[in-house]
Every structure is written in structure tokens, then in C-alpha cells.
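Geometric and topological summary
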Number of protein chains: 2
Amino acid sequence: MEFCQRKITSRSKYPPPNSHRCFRIRGHSGRCNEYWFLKHLKSVEPRVAKKIIRDSRMTTGAPWNSADAGPNRIRRWVMLLPDQDLLPLGIDMASLRPGVRQKLREKAATYEQCISVAQKLTYSVYCMKGAPTATVEIESYLAALFGSIRQGSTKCLICRDTLDFSLFSEARRGKAAIETAHGNPRNHEPDNVGFAHRDCNIAQGPKTLDEFYDWIAGILSRVERTS
Amino acid sequence: MEFCQRKITSRSKYPPPNSHRCFRIRGHSGRCNEYWFLKHLKSVEPRVAKKIIRDSRMTTGAPWNSADAGPNRIRRWVMLLPDQDLLPLGIDMASLRPGVRQKLREKAATYEQCISVAQKLTYSVYCMKGAPTATVEIESYLAALFGSIRQGSTKCLICRDTLDFSLFSEARRGKAAIETAHGNPRNHEPDNVGFAHRDCNIAQGPKTLDEFYDWIAGILSRVERTS
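Here is what the cut-offs are and how they apply
- Residues numbered from 1 in each chain as written.
- Chains lettered and ligands numbered in written order.
- Predicted model: local features only at pLDDT ≥ 70, side-chain atom pairs only at ≥ 80, totals over all residues.
- Heavy atoms only, no water.
- Disulfide = S-S within 2.5 Å.
- Buried < 20%, exposed > 50% of the residue type's maximum accessible area, 1.4 Å probe, protein only.
- pLDDT = per-residue confidence, 0-100.
- Axes fitted to C-alpha atoms, helices over the stretch in contact; angles between N-to-C directions.
- Helix = DSSP H or I, 4+ residues; strand = E, 2+ residues; numbered from the N terminus.
- Parallel < 35°, antiparallel > 145°, perpendicular 65-115°, else oblique.
- Left-handed = near helix turned anticlockwise from the far one by under 90°.
- Contact = heavy atoms within 4.5 Å.
- Salt bridge = Lys/Arg side-chain N within 4 Å of Asp/Glu carboxyl O.
- Phe/Tyr/Trp six-rings, centres within 6.5 Å; stacked < 30°, edge-to-face > 60°.
- Lys NZ or Arg CZ within 6 Å of the ring centre and 35° of its normal.
- Polar contact = N/O pair within 3.5 Å; in protein donor to acceptor, adjacent residues only side chain to side chain.
- Pairing = 2+ DSSP bridges.

1. Some words on the state of the cysteines
Residue and element names in this part refer to chain B. Under the criterion given, the structure shown has 0 disulfides over all chains. In this model Cys-114 remains outside any disulfide bridge; the closest cysteine sulfur is found in Cys-22, 17 Å from its own. Take Cys-114: its relative accessible area is 0%, and that puts it in the buried class. Unpaired in terms of disulfides, Cys-127 finds its nearest cysteine sulfur in Cys-156, a separation of 15 Å. Cys-127 gets classed as buried once you look at its relative accessible area, which sits at 1%.

2. Here's the deal with the confidence of the model for chain A
In low-pLDDT regions, the fine details of the predicted coordinates are not to be read closely. Model confidence for chain A is summarised by a mean pLDDT of 90, while 89% of its residues fall at 70 or above. Model confidence for the complex: the whole-complex pTM is 0.88, and ipTM, which rates the interface, is 0.87.

3. Here we look at the packing of helix H6 (residues 111-126) of chain B against helix H7 (residues 136-146) of chain B
Residue and element names in this part refer to chain B. Their axes nearest at 10 Å, the elements H6 and H7 cross at an angle of 115°. Taken together, the axes of H6 and H7 are roughly perpendicular relative to one another. In this structure, H6 crosses over H7, and the sense of that crossing is left-handed. In contact with Ser-116, Gln-119, Lys-120, Thr-122, Tyr-123 and Tyr-126 of H6, H7 contributes Ile-138, Tyr-141, Leu-142, Leu-145 and Phe-146.

4. Examining the pattern of salt bridges
Where charged atoms of side chains with opposite charge meet at close range, the side chains can pair. Residue and element names in this part refer to chain A. All told, the structure shown has 14 salt bridges over all chains when counted by the stated rule. Notably, a salt bridge pairs Glu-2 with Arg-26, separated by 3.6 Å at the nearest N-O pair. With Glu-2 in the segment before strand S1 (7-8) and Arg-26 in the loop between strand S2 (20-21) and helix H1 (39-44), this residue pair connects regions lying 24 residues apart in the sequence. Across the pair Lys-129 and Asp-164 runs a salt bridge, and its minimum N-O distance is 3.8 Å.

5. Re the packing of aromatic side chains
Residue and element names in this part refer to chain A. Across all of its chains, the model carries 24 aromatic pairs over all chains by this definition. Ring geometry for Tyr-123 and Phe-146: centres 5.3 Å apart, planes at 40°, overall tilted. Here Phe-146 lies in helix H7 (residues 136-146) and Tyr-123 lies in helix H6 (residues 111-126), a separation of 23 residues in the sequence. We classify Tyr-123 as buried; its relative accessible area is 13%. Seen from their ring centres, Phe-212 and Tyr-213 are 5.9 Å apart, and the 55° between their planes marks the pair as tilted. As far as the burial class goes, Phe-212 and Tyr-213 line up, both buried. Ring-pair connections join several aromatic residues into one group, and the members of that group are Phe-3, Phe-23, Tyr-35, Trp-36, Phe-37, Trp-77, Tyr-111 and Tyr-141. Geometry around Trp-215 places Lys-207 over its ring, the cationic atom sitting 3.9 Å from the centre.

6. Observations concerning the environment of A:Lys120
Residue and element names in this part refer to chain A. One can find Lys-120 in helix H6. When neighbours within four sequence positions are excluded, Lys-120 is seen to be in contact with Phe-146, Pro-190, Asp-191 and Val-193. A distance of 3.2 Å separates a polar side-chain atom of Lys-120 from the backbone oxygen of Val-193.

7. What about the side chain of A:Ser56?
Residue and element names in this part refer to chain A. Examined against the element boundaries, Ser-56 turns out to sit in helix H2 (residues 46-57). Classification of Ser-56 as buried rests on a relative accessible area of 0%. Sequence-distant contacts of Ser-56, that is, excluding residues within four places in its chain, are made with Tyr-35, Arg-76, Cys-114, Val-117, Ala-118 and His-188.

8. Things to note about unusual backbone geometry
Negative phi values dominate among residues other than glycine, just as trans dominates among peptide bonds. Residues and elements named next belong to chain A. Within the chain, Gln-5 stands out as a residue other than glycine whose phi angle is a positive 70°. Considering the arrangement of structural elements, one finds Gln-5 in the segment before S1. For Arg-160, which is not glycine, the phi dihedral falls at a positive 65°. The topology assignment puts Arg-160 in the loop between H7 and strand S3 (171-172). Overall, the relative accessible area of 23% leaves Arg-160 in the partly exposed class.

9. Things to note about the pairing of strand S6 (residues 193-197) of chain A
Residue and element names in this part refer to chain A. By the criterion of burial, S6 is predominantly enclosed, with 4 of the 5 residues buried. Relative to S6, strand S5 (residues 178-182) is paired through 5 bridges, and the arrangement is antiparallel. Note that in S6 the partner of Ala-181 across the bridge is Gly-194.

Quick look at the structure:
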């Protein structure tokens, strides 16, 4: 699919290394729109649409201790800039512990990757059991990118159990029951990103999915040996 | 083994429902001492000894959001008191969310249980690979309670891999690599308590160990089916 790609004026306080662009289909009628594929979800499930935008383009730190965890919610493509270009944006990398610096850098992604991830997450939402039905235009847009939409086909990226749309409105201790997860936590690309149960995402931690499966297989083999 | 059990004056600001007592062997010479079995560890590895006392007798909440998580680090036996007796101690149970109240109550344990857990954890430390060697008196005290001390026999309660004493001094983001874990998180008794890797403890979450093993076995079976 060819996107329109016309520049869109950004209201961000960060000067983006890439200009914001229109991701409607090239030759579209009407106004340019960066997140056009989220238009329907924004109107029927605004919290889910906001979550997709946030998770696809922002870094996440550890909100419980920002002094230790470093700055939170930076646009991922900003983290591609060299240290000296981050200083005027209020991010003093030299003042952060090496582990925090590394974590921030691992979350870096290009603007295009972030948009692709947002498209993929939007598709995953419509493929959830109990999800709202996309408009015909958005369905065909997403189907052209990822294949036809089948409700009930979205599974937790980690435990591979069916993910129900209703989990978006469940929360425990103020934390949503669904999180955005990465097969390899250091790779923000559509093939590597999906939704997961919060418990599964916590259990996976900084491991890749392969490392996680190897780890739990090891646990089970030791438990069987010793029980 | 019979303990001395003589009362010891407490410096706690909480009036304990049970008086503090001496847990040396009945008929001991010298002064009474509640945590006599930790005397050697206190002198050679004070941080580990403090951790044992803290984990064995204090509730833990969620330090990152105490308004939401409720009061942190209450003596476990205090949580056996009815709500009205907690109010003068500054704990207003009625003001807490039901989930937080339940969590606090689940961490309740008698004073005797807490001491038994501390004894068990002390034993587990001396059974770790690379642990300091206990004094003869403490070794025979712990061996009488839990069996002879074999260095290298302490395994992670959750993943059953060998736990090395050196992990006590490893920390990531200011969190120790070893935590105190519960086979059933709602049961603070020596048979149910042990040390675990922090990652394992996080992955187990509020599940019992049996639930955790069933859960990860389910994950592996689904992953095999779909890969």
C-alpha cells in the first residue's frame, strides 16, 4: 500500500527528526491525517485509541521512581538523536545511570516504525473477541496491510491465549489488564509487537520471548525432577 | 527443641498482641535474645540479617504508590487485630480499597510464625553456595530445627535452581536479586517460605506455586501448538 506521506504540522514540543506525515492511502480525498486508521476507534473507544498512540510512539520508564528510572514518555524517534541534541530538549543523558541510558536507547524507533506499530495494534484490536466492528474503509486499509480481520484471532503475544476486548476496561491497582508487549523488547516493529496480558508481560520482563519460553521450560523440568 | 520463651521488652511503637520472647534453647546461659540464631549473620553479613528480620515479620506493600497500596511495613501480627484496634495505631482500614485491605489481611501471621520463618530463612542462607559458615552453636540450633546444613542445597523456591549467596549483594535498579518468596502467597509459615530470584518472584506474582507451574505449562503447550 502506498501512503499519502504529505507533511503534517506537529504540535509536539520536540522538534521531530522526521516530520509528521499523512498515512492515508495515496490519492485519498479529504484532509490528510496521520492516524486516520484510528479515526473510528477514537470515536467509539477513545481510551483504547489513545493507548495505541501512546504505546506505539512513546518510551516508557518506571513511573514509580522517575529520578532513578530516568525520563518517561519520550517520543521514541527522539531517542535516535545523539546525546548533545537531547540536552536542549531537557534530557541530560550524561546524568543518567548507564543502565537507564541503555534502556532509553533500546526503546528508540523511527517515526515510520512507530506508525507501523500503531497500525498493527489497531488491526489487533479489531481482531479481538468482542471488539467493535471497523468501518468498511478502515477494515480494507488494515486488511491490505495485515490480512483480513477475523474477530477472535488476536491472542496474547506471550501466552497465546485468546485476548478479549473487554480486558481493556479491566484494571487492577489502576493498571490495565492488557499491555503492549514486544517479542524482543529491544525491537519496536510491527512483527515483534502485540497485545499481552499484564501478568504475562510482567513475567516476561526484559527477556525475549524465546528466552522466556526456554526459562519456563527449564523451571518445569527442574520442578518435575525434584517433586 | 524447647525455646526459652522468656519475655523480652520491645522497643516497637506498636503494642504487640504477643510479647516478644527469647528464642534461645531453654536453659541457655547468658542473656535472653529474640533473634539469637541471627547473631553470627548480624556480625558478618548485617544486611542479610536485617533482610531476614524485615521479611519475616513485616508486611510489604507497593512502595511506588503508598496512597493506593496502603500502609507498608506493618508487623504481620498487628494485622491479626480487628479493624477498630488498628485505628489507634494509625491504620484506618475503612479508608482503604477492598483489594488493599484483603492483601494486608493475607499477610497477617502470628509472632511465632514470624520467628519460625526467620529461623527457616537463616537456615536457608547458611545452606547457600558461598555462604559464610555458621558458628557451631548456631549450626546445631538450626540443624535441630531443619536438618543438617549442607552448603549448596538452597534452591530458588520457584525455579528450583541453585541460589548463590553472592546474589544478596547484586542489585538492579536498587532492588536485590534475591527476595523472600511464598509457595502460597497467603501463608507465612516456614514450610511455605524460602528465597527466590527476584525475576522468579515477580513472574509468580500473586499465584500459588502450583498455579504458577500450571500457568507456565499451559503457555508452553499453546506455544508448541501454534509454532
